[in-house]
Amino acid sequence: MTDPILILAWEGWNDAGESASTAAQYLIQQFGLGTFATIDPEEFYDFTEVRPMARYRDGERYIDWPATEFVHLRPRGDGRDIVVGIGIEPQYRWKRYMAAVSELVETIGAKLILSLGAVATGAPHTMPVHVRGSANNSALAQRYNMHPSRFEGPSGIVGVFHDHCRRRGVGGVSLWASVPHYLPGITNPVGAQALLRVVSDMTGLHMDYEPLERGIERFHQQLEEALRENSDLRDYVARLEAAAGAPEPETQQESELPSADALIADLEDFFRQGSNGGDSGNG
């Protein structure tokens, strides 16, 4: 490969609203030339937590194991190759898992790693999704006008892997979309699109967003329907908008709001009912 970039996304703790994994899958759908490498899941997953999936295709049933897969994308116009890696955050043997990813990095000769992530924040869904980035060395920080992460606390596989890369002299940029915390179990295509736009700026990939935008339209339609039917949710979103600097509706009245956990449960039930009706709202 020619001067490849490796783009990584892990489902799980680093992937609020499945925005990062949705973005990675969208890249594969748009540009993927096929899977050329995998990490065997046997050592790294508790299969009672991350279960294999039964699939049915071409008249046959088969088991789809939760492996990490690496897909080669069509080369960019300037000839630079891009690889997307997507998997699930492992439960076991993180150091050995990182060594396996490092073997892939060394094999293809990648000098730049882009990771995609999403965090649940107090941002309302009615406002644009913000994407922040941090670089694991000063040269990349200067190039992309970013700063090293100053986060202290429990880390997911993304933070651990970027530290692993830094210690081995491999440059890495971590991109994080901020998605509403009250939509954690619902696939958020808006966060995925925000990540993809930054990836496009950084890599030069020109994407067709139309299929994703159709999913975003359905997503917003279902949310607006949920708002119409649930006054507690309307009040909660209005409070978040006010806290974020958006004008608060004149009809907003002071009242005790229910817990976010109760609203999350209501929204997940609402989207589940929509999915059972044949329209999941996902891209």
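Coordinates for the structure precede this section.
What you see is a predicted model, and the numbers here were worked out from it, not measured in a lab. (Residues numbered from 1 in each chain as written. Predicted model: local features only at pLDDT ≥ 70, side-chain atom pairs only at ≥ 80, totals over all residues. Heavy atoms only, no water.)

This paragraph deals with the overall build of the chain. If you tally the helices and strands in the chain, you get eight helices and nine strands. Counted over contacts in the chain with a minimum sequence separation of 6, partners at least 24 positions apart contribute 78%. Total accessible area on the chain stands at roughly 14900 Å², and carbon and sulfur atoms take up 46% of it. (Helix = DSSP H or I, 4+ residues; strand = E, 2+ residues; numbered from the N terminus. Contact = heavy atoms within 4.5 Å. Areas by Shrake-Rupley, 256 points an atom, 1.4 Å probe, with all protein chains shown as cover.)

This next bit is on the pattern of salt bridges. Evaluated as defined, the whole model comprises seven salt bridges. For Asp3, the salt bridge identified is with Arg80, shortest N-O distance 3.4 Å. With Asp3 in the segment before strand 1 (5-11) and Arg80 in the loop between strand 5 (68-73) and strand 6 (82-88), this pair connects stretches of sequence that are 77 residues apart. Accessibility expressed as a relative area gives 16% for Arg80, which makes it buried. The partner of Arg166 in a salt bridge is Asp163, with the nearest N and O atoms 2.7 Å apart. Separated by three residues within a single helix, Arg166 and Asp163 lie in helix 4 (residues 157-167), roughly one turn from each other. What makes Asp163 partly exposed here is its relative accessible area of 29%. Each of the salt bridges in this network shares a partner with another, and the network as a whole consists of Asp163, Arg166 and Arg167. (Salt bridge = Lys/Arg side-chain N within 4 Å of Asp/Glu carboxyl O. Buried < 20%, exposed > 50% of the residue type's maximum accessible area, 1.4 Å probe, protein only.)

Let us look at the side chain of Glu89. Here Glu89 shows up in the loop between strand 6 and helix 2 (94-108). Here Glu89 is buried and forms no salt bridge, its nearest opposite-charge partner Arg132 lying at an N-O distance of 14 Å. Of the polar contacts made by the side chain of Glu89, one reaches the backbone nitrogen of Ile157; its length is 2.9 Å. (Lys, Arg positive; Asp, Glu negative; His and termini not counted. Polar contact = N/O pair within 3.5 Å; in protein donor to acceptor, adjacent residues only side chain to side chain.)

Aromatic ring pairs are described here by two measures, namely the spacing of the ring centres and the angle between the planes. Inspection of every chain in the model, using the stated rule, returns three aromatic pairs. Seen from their ring centres, Trp10 and Phe161 are 6.0 Å apart, and the 70 degrees between their planes marks the pair as edge-to-face. Of this pair, Trp10 sits in strand 1 while Phe161 sits in helix 4; the two residues are 151 residues apart in sequence, bridging distant segments of the chain. Relative accessible area serves as the criterion here: at 2%, Trp10 is assigned to the buried category. (Phe/Tyr/Trp six-rings, centres within 6.5 Å; stacked < 30°, edge-to-face > 60°.)

Another aspect to go through is the sheet that holds strand 7 (residues 112-121). Strand order across the open sheet formed by seven strands is 2-5-6-1-7-9-8, with mixed pairing between neighbours. Lying at the two open borders of the sheet, with one neighbouring strand each, are strand 2 (32-39) and strand 8 (131-135). Across the sheet, the mean angle separating the axes of adjacent strands is 25 degrees when strand polarity is ignored. One ladder, built from five bridges, connects strand 1 with strand 7; its direction is parallel. The residue of strand 7 that forms the bridge with Ile7 is Leu114. In the packing of helix 2 onto the sheet, contacts are made with strand 1, strand 2, strand 5, strand 6 and strand 7, and the angle to strand 2 comes to roughly 135 degrees. (Pairing = 2+ DSSP bridges. Axes fitted to C-alpha atoms, helices over the stretch in contact; angles between N-to-C directions.)

Along the chain, the position of His72 falls in strand 5. Beyond its immediate sequence surroundings of up to four residues, His72 is in contact with Met1, Phe31, Gly32, Leu33, Gly34, Phe36, Asp81 and Ile82.

For the structure shown, the criterion picks out one cavity of 30 Å³ or more. Put simply, the largest cavity is a space of about 70 Å³. What lines the largest cavity is a set of 13 residues, and nearest its centre among them are Pro124, His125, Met127, Val129 and Pro180. At the level of elements, strand 9 (171-180) and helix 6 (210-229) are the ones that each hand at least two residues to the lining of the largest cavity. Residues of the lining of the largest cavity, tallied by class, amount to eight nonpolar, five polar and no charged. (1 Å grid on protein atoms, 1.4 Å probe; cavity = no way out; pocket = protein on both sides within 12 Å on 5 of 7 lines; lining within 4 Å. Points joined across faces, edges and corners; volume = space filled by probe spheres on them. Nonpolar A, V, L, I, M, F, W, Y, C, P; charged D, E, K, R; others polar.)

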